[in-house]
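Given next are the chains, with one letter for each unit.
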Amino acid sequence: DLSRREGVTMFMLALAAYKALLYRYTNQEAILVGTTFANRNRPELQNMVGYLLNLIVLSTDVSGNPTFRDLLQRERATVLEGFANQDLPFGKLVQELRPTQDASRNPIVQHSLIYLDFPELTVMETLGLTAKHLDIDNGASRFDMTLAMTETEHGYEVDIEYPTDLYRRERIERMTKHLENILESVVEDPAQRLSELPLLSAGEKRQLLIEWNTTAIRYPRDRCIHELFEAEAKRRPGEIALLFKDDQLTYRELNEQANRVARYLRK
């Protein structure tokens, strides 16, 4: 309903939400996400067997803290412009831009979105041949993160591919929940600015605001603070008590300096 009201496709909406998530994480105002096109827009290519996919880089300016509705319109213009230039090979783009090459990451763009508006066929028959779909884990991820969404009759199937040397599974699950929170929020009110979109779940809010702030502790009420500190200095004199930039003091050192100041003041 939201995509219909705003005159955008579901792909554009999903891409806008994905970029809103990346913007909130990074605070970068130019968000680049790659997506693949079948590259079979000519009739003679429709039934050709082979790998014709091309990677398109979709760059969006999210400066000015726009509303999500404004971001949708920016994304619409970005996607239409990308479609108009989909025949430019990604390799040619790399040759022209000459980015700094790093073997550990994909050039130009490190995040991608794959959107399928049809379920993948497990068995396909064409030209007298029967083809079966096989899931193959090649043990590597081409991008820092690939978000794959597939429309089904029951909703959406979402898969995320990521390098395990960058992320743990728990972090990816949290990021997925943050994306879900953004989508639920913009459906209710697309006029929210990107900085206002809620990322945290109820459990994360409770952890930040309540659990991590439960710092009350019982201590002897009949002793002064300096007496409590001196007792701590005797109990663990060599442990770090104070950090400031590159300097640090142990409990013993801090207690000795405090005593020197006290003697000077008494004198």
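Since we're looking at a predicted model, the values are computed, not measured.

1. A look at the overall build of the protein
And step 1. In terms of regular secondary structure, the protein is built from eight helices and nine strands.
And step 2. Since a compact globule built from 267 residues should have a radius of gyration of about 18 Å, the 28 Å found for the protein marks it as more spread out than a globular shape.
And step 3. The C-alpha extent of the protein, read off along each of the three principal axes, is 100 × 40 × 35 Å.
And step 4. Taking all 267 residues of the protein together, the buried fraction comes to 31%.

2. Focus on the pattern of salt bridges
And step 1. Scanning the entire structure with this criterion turns up 13 salt bridges.
And step 2. Across the salt bridge formed by R4 and D1, the nearest N and O atoms sit 2.9 Å from each other. We note that R4, like D1, is exposed.
And step 3. For E173, the salt bridge identified is with R169, shortest N-O distance 3.0 Å. In this pair, E173 and R169 both sit in helix α5 (residues 169–188), four residues apart, roughly one turn of the helix.
And step 4. Using a relative accessible area of 56% as the deciding quantity, one classes R169 as exposed.
And step 5. The structure contains a network of salt bridges with shared partners spanning E232, R235, R236 and E239.

3. What to know about the environment of H133
And step 1. Structurally, H133 is set in the loop between β5 (129–132) and β6 (145–152).
And step 2. Taking C-alpha positions, H133 is 6.3 Å from V123, a pair spaced 10 residues apart along the chain.

4. Let's talk about the packing of helix α7 (residues 225–235) against helix α8 (residues 251–266)
And step 1. Two elements in contact, α7 and α8, have axes whose closest approach is 8 Å; the angle formed by their N-to-C orientations is 140°. Comparing the axis directions of α7 and α8 gives the class oblique. Classified by chirality, the crossing of α8 by α7 is left-handed. Each of F229, E230, E232 and A233 in α7 lies in contact with α8, whose residues at this interface are Y251, L254, N255 and N259.
And step 2. Here the contact of α7 with α8 is built from residues that sort into four nonpolar, two polar and two charged.

5. Brief notes about a negative patch on the surface
And step 1. A cluster of acidic residues, E184, E188, D189 and E196, forms a negative patch at the surface.
And step 2. Tracing the chain through its elements places D189 in the loop between α5 and α6 (202–209).
And step 3. Here D189 falls in the partly exposed class, since its relative accessible area comes to 34%.

6. As for the packing of aromatic side chains
And step 1. All chains considered together, the criterion is met by five aromatic pairs.
And step 2. A ring pair is formed by Y115 and Y156, whose centres lie 6.2 Å apart and whose planes are at 50°; its orientation type is tilted. Pair noted here: Y115 is in strand β3 (residues 111–116) and Y156 is in strand β7 (residues 155–161), with a separation of 41 residues, a long-range link.
And step 3. One aromatic cluster is present, built from ring pairs that chain together F11, Y115 and Y156.

7. Examining the pairing of strand β9 (residues 247–250)
Moving residue by residue along a regular strand, the side chains alternate between the two faces of the sheet.
And step 1. Where strand β8 (residues 240–244) meets β9, four bridges bridge the pair, whose relative direction is antiparallel. The residue bridging F244 from the neighbouring strand is D247, located in β9.
And step 2. Counted along the chain from β8 to the antiparallel partner β9, the turn is two residues long, and its residue K245 has a positive phi close to 55°.

8. Looking at the packing of helix α2 (residues 10–26) against helix α3 (residues 68–84)
And step 1. Interhelical geometry of α2 versus α3 gives an angle of 115° and a closest axis separation of 9 Å. For the pair α2 and α3, the sense of crossing is right-handed. Contacts between α2 and α3 pair F11, M12, L13, L15, A16, A17, K19 and A20 from the former with F68, L71, L72, E75, R76, T78, V79 and L80 from the latter.
And step 2. The residue makeup of the contact of α2 with α3, split by class, is 12 nonpolar, one polar and three charged.

Criteria and cut-off values
Residues numbered from 1 in each chain as written. Predicted model: local features only at pLDDT ≥ 70, side-chain atom pairs only at ≥ 80, totals over all residues. Heavy atoms only, no water. Helix = DSSP H or I, 4+ residues; strand = E, 2+ residues; numbered from the N terminus. Rg over C-alpha atoms; globule rule 2.2 N^0.38 Å. Buried < 20%, exposed > 50% of the residue type's maximum accessible area, 1.4 Å probe, protein only. Salt bridge = Lys/Arg side-chain N within 4 Å of Asp/Glu carboxyl O. Axes fitted to C-alpha atoms, helices over the stretch in contact; angles between N-to-C directions. Parallel < 35°, antiparallel > 145°, perpendicular 65-115°, else oblique. Left-handed = near helix turned anticlockwise from the far one by under 90°. Contact = heavy atoms within 4.5 Å. Nonpolar A, V, L, I, M, F, W, Y, C, P; charged D, E, K, R; others polar. Patch = residues over 30% accessible without salt bridge, like charges linked within 9 Å, V, L, I, M, F, W, Y side chains within 5 Å. Areas by Shrake-Rupley, 256 points an atom, 1.4 Å probe, with all protein chains shown as cover. Lys, Arg positive; Asp, Glu negative; His and termini not counted. Charge placed at Lys NZ, Arg CZ, Asp CG, Glu CD. Phe/Tyr/Trp six-rings, centres within 6.5 Å; stacked < 30°, edge-to-face > 60°. Pairing = 2+ DSSP bridges.

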